[in-house]
Structure formats: structure tokens, C-alpha cells
Amino acid sequence: MRTILVVEDEPQIAGIVRDYLEHAGFAVITAADGGAALALARARRPDALVLDLGLPRVDGLDVIRSIRRDSRVPILILSARGDEVDRVTGLELGADDYIVKPFSPRELVARVRAVLRRGETAPMSDERIVAGDLELDVVRRRVKAGGRAIALTPTEFELLATLAREPGRVWTRAQLLDAVHGFSLETYERAIDGHIRNLRKKLEPDDAAPRYVRTVHGVGYALAEPDA
Ligand code: CA
């Protein structure tokens, strides 16, 4: 059974989220503040986090920052309507998706399943993608750029795999959102910019002059075509 860590300081919301996730077949552990969340994340190694951003003491953004230092566990943000800046910051820090309060508990369960699927190794075949000196092992979710191993979050990996399957193809932000989330309901195209920025930081030898992921102004992004 997979374990979800729910971090939420409002007991009522935490209870609803717990009930729905348990009903969907997950084991649920809860934390009511950021410090407890970090301790539980380390001790129990959950399969995914549902994380409220507005927490007492250590806030949600600090929790993401701290977890992303050494873990790629999927993170789904819970945020209040109007907290757009925090939400986008959360995605930039490496969260995988978000849902806005008040939310439908069923949609939340669907989102948790979606972030877990993205982190899973369940491809149809032993797919390997090679584009220039980029090598992606889709089964093991490993990436090498010029022989250098790079650790990516599930969303960053999906994004790079999508781009690398068709070097040179220009993708709009909306198409990339669809490709990595399966649906783009209520998600911001700007979130893609955040994921691309994180991906470049890890991938590009010089992220001020990207050689892998090109920006196509006014449209979106493309993987640079390998030199012939
Ligand atoms: Ca809160």
C-alpha cells in the first residue's frame, strides 16, 4: 500500500483529505506543521506529499525547498485561492502540481494518482531516448547529458522526455502541460516556465546560454536538434 503524507494545519481539511485518500486505498499519515512534515517525510519515506502552503512556523514553501534538496518524492500543493504567487513559487521549487481550495476531494485523489503515475516506472517498453549527447532511460527514469548523470523530479523528467522524443519540434506551454499532466485543468502555463527553469539549472552546463532546451519566443520550447 502506498503512503501519502498529508500536511495541513486545519484539522477539518486534513480529516477530509485523509478520509478520501484512505477510501481510495492509500495509507495516510498527517502532519499539522512544517517541522513535523519534514521529520515524517524523512522517517517514513512517503510515496507522495499533499502539502498545504499556509502552515505555522516552517511554511509550505520551505518544506518543498528542504525536501527537494535530497528527494524527488511527488508533491501536490494545496493552496488558498489568491495565493497565485506562492503557488507558482512552489512549482518553481519543484512541486509537481497544485490544487486550489476549496477543492473537490475526488479531484484531489485524481491529482494524487496522477503525480504518482508520473513518478512510476511503467512504460510500455524498454524505451530509451537518445538526442545528441542526451540519453534518457525511460524505464529507470535516468538522464545523462554528455555522460553526466542528472537527477530530475518526475515532472522535469516527463518534460524533457516529451521534448527529446521529437527534437526540433516546437511545443506551446499548453501542449507541454497536457503532455506532463495528462490534463491542463486549472493549471497555469507559467508553471511550465518554472519547470523548464529547474530543468535547465540541472541540465545545462550554462543555463544562461541553454544548449539543450531552446526557448521559442512567443510560442514555447523545443529541444535543440542535435548537430548533424
Ligand atoms: Ca493552512
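Note that the structure is a prediction, hence the values are computed from the model and not measured.

## Thoughts on the overall build of the chain
- Regarding its fold elements, the chain presents eight helices and 12 strands.
- Taken over 228 residues, the chain has a buried fraction of 49%.
- Taking all contacts inside the chain whose residues are at least 6 apart in sequence as the whole, residues at least 24 apart take part in 57%.
- Counting only carbon and sulfur atoms, one obtains 49% of the accessible surface of the chain, whose full area is about 10800 Å².
- If you average the places of the 34 positive and of the 36 negative side-chain charges in the chain, the two averages end up 3 Å apart.

## Comments concerning the environment of glycine 90
- Structurally, glycine 90 can be placed in helix α4 (residues 84–92).
- As for glycine 90 and glutamate 127, which are separated by 37 residues in sequence, their C-alpha atoms are 31 Å apart.
- Beyond its immediate stretch of four places on either side in the chain, glycine 90 contacts Leu61, Ile64, Ile77 and Ala95.

## Concerning the side chain of threonine 162
- In this structure, threonine 162 sits in helix α6 (residues 154–165).
- Once residues lying within four places of it in the same chain are set aside, the contact partners of threonine 162 are Trp171, Leu176 and Ala179.

## Some remarks on the environment of arginine 68
- One can find arginine 68 in helix α3 (residues 60–68).
- Setting aside residues no more than four positions away along its own chain, arginine 68 makes contact with Val73, Pro74, Ile75, Leu93, Gly94, Asp96 and Thr153.
- Of the polar contacts made by the side chain of arginine 68, one reaches the backbone oxygen of valine 73; its length is 2.9 Å.

## Here we look at the domain arrangement of the chain
- Splitting the chain by domain gives domain 1 (3–118) and domain 2 (128–223).
- Measuring from the centre of the C-alpha atoms in domain 1 to the corresponding centre in domain 2 gives 24 Å.
- Contacts between the two partners involve 18 residues from domain 1 and, on the opposite side, 20 residues from domain 2.
- It is Arg72, Glu92 and Arg118 that lose the most area in domain 1 upon contact with domain 2, and together they represent 37% of the buried surface on that side.

## A few points about the coordination of the calcium ion
- For the calcium ion, the protein coordination sphere consists of Asp9 (OD), Asp52 (OD) and Gly54 (O), at 2.2 to 2.3 Å.
- All donors of the calcium ion belong to a single chain; written as a sequence motif, their spacing is D-x42-D-x1-G.
- Residue glycine 54 is classed as partly exposed on the basis of its relative accessible area, which comes to 46%.

## Brief notes about α4
- Of all the residues in α4, the buried ones are Arg87, Val88, Gly90 and Leu91. Looking down the long axis of α4, one finds its buried residues gathered within 155° of arc, a one-sided arrangement.
- One or two steps after α4, the chain reaches glycine 94, where phi turns positive at roughly 120°.

## Focus: the sheet that holds strand β2 (residues 27–31)
- A sheet is described by the order of its strands in space; here five strands give the open sequence β2-β1-β3-β4-β5, paired in parallel fashion. Looking at strand neighbours, the two that pair on one side only are β2 and β5 (97–101), the edges of this open sheet. Between one strand axis and the next, the sheet turns by 20° as a mean value, whatever way the strands run.
- In terms of strand pairing, strand β1 (residues 3–7) meets strand β3 (residues 48–52) through four bridges, oriented parallel. Following the sheet pairing, valine 6 is matched in β3 by valine 50.
- This element, α3, spans β3 and β4 (75–80) of the sheet and lies at about 155° to β3.
- Contacts between α4 and the sheet are confined to β4 and β5, with β4 contributing the most and set at about 170° to the helix.

Reading the values: the criteria
Along each chain, the written sequence defines residue order, and numbers are assigned to residues from 1. Whole-chain, interface and lining totals are the exception, using all residues; otherwise, since this is a predicted model, local features are given only for residues with pLDDT of at least 70 and side-chain atom pairs are given and counted only at 80 or more. Neither water nor hydrogens contribute to the side-chain values; these are computed over all heavy atoms in the structure. Per the convention used, a helix needs a DSSP run of H or I reaching at least four residues, while a strand needs a run of E reaching at least two, with both numbered from the N terminus. Here the term buried applies to any residue with accessible area under 20% of the maximum for its type, exposed to any over 50%, and partly exposed to those in between, with areas from a 1.4 Å probe on protein chains only. When checking whether two residues touch, look at their non-hydrogen atoms; a contact exists if any pair is within 4.5 Å. Here, Shrake-Rupley sampling with a 1.4 Å probe gives the accessible areas, and only protein chains in the shown set may cover a residue. Note that His is not counted, nor are the chain ends; the positive residues are Lys and Arg, and the negative ones are Asp and Glu. One atom stands in for each charge, and that atom is NZ of Lys, CZ of Arg, CG of Asp or CD of Glu. Identification of polar contacts relies on pairs of N or O atoms within 3.5 Å, with a donor-acceptor requirement for protein atoms, meaning one able to donate a hydrogen and the other able to accept it, and with residues adjacent in sequence counted only if both atoms are side-chain atoms. Note: domain ranges come from an automatic or database domain assignment. Put simply, buried area is the surface a 1.4 Å probe can reach on two separate parts but cannot reach once they are joined, added for both. Listed donors are limited to N, O and S atoms within 2.8 Å of the metal, widened to 3.2 Å for Na, K and Ca; water is not among them, so incomplete-looking sites are possible. The arc in question is traced by the directions running from the helix axis to the C-beta atoms. A pair of strands is considered paired only if DSSP assigns at least 2 bridges between the two. For helices, the fitted axis covers only the stretch in contact; all axes are lines through C-alpha atoms, and the angles between them, taken along N-to-C directions, range from 0 to 180 degrees.

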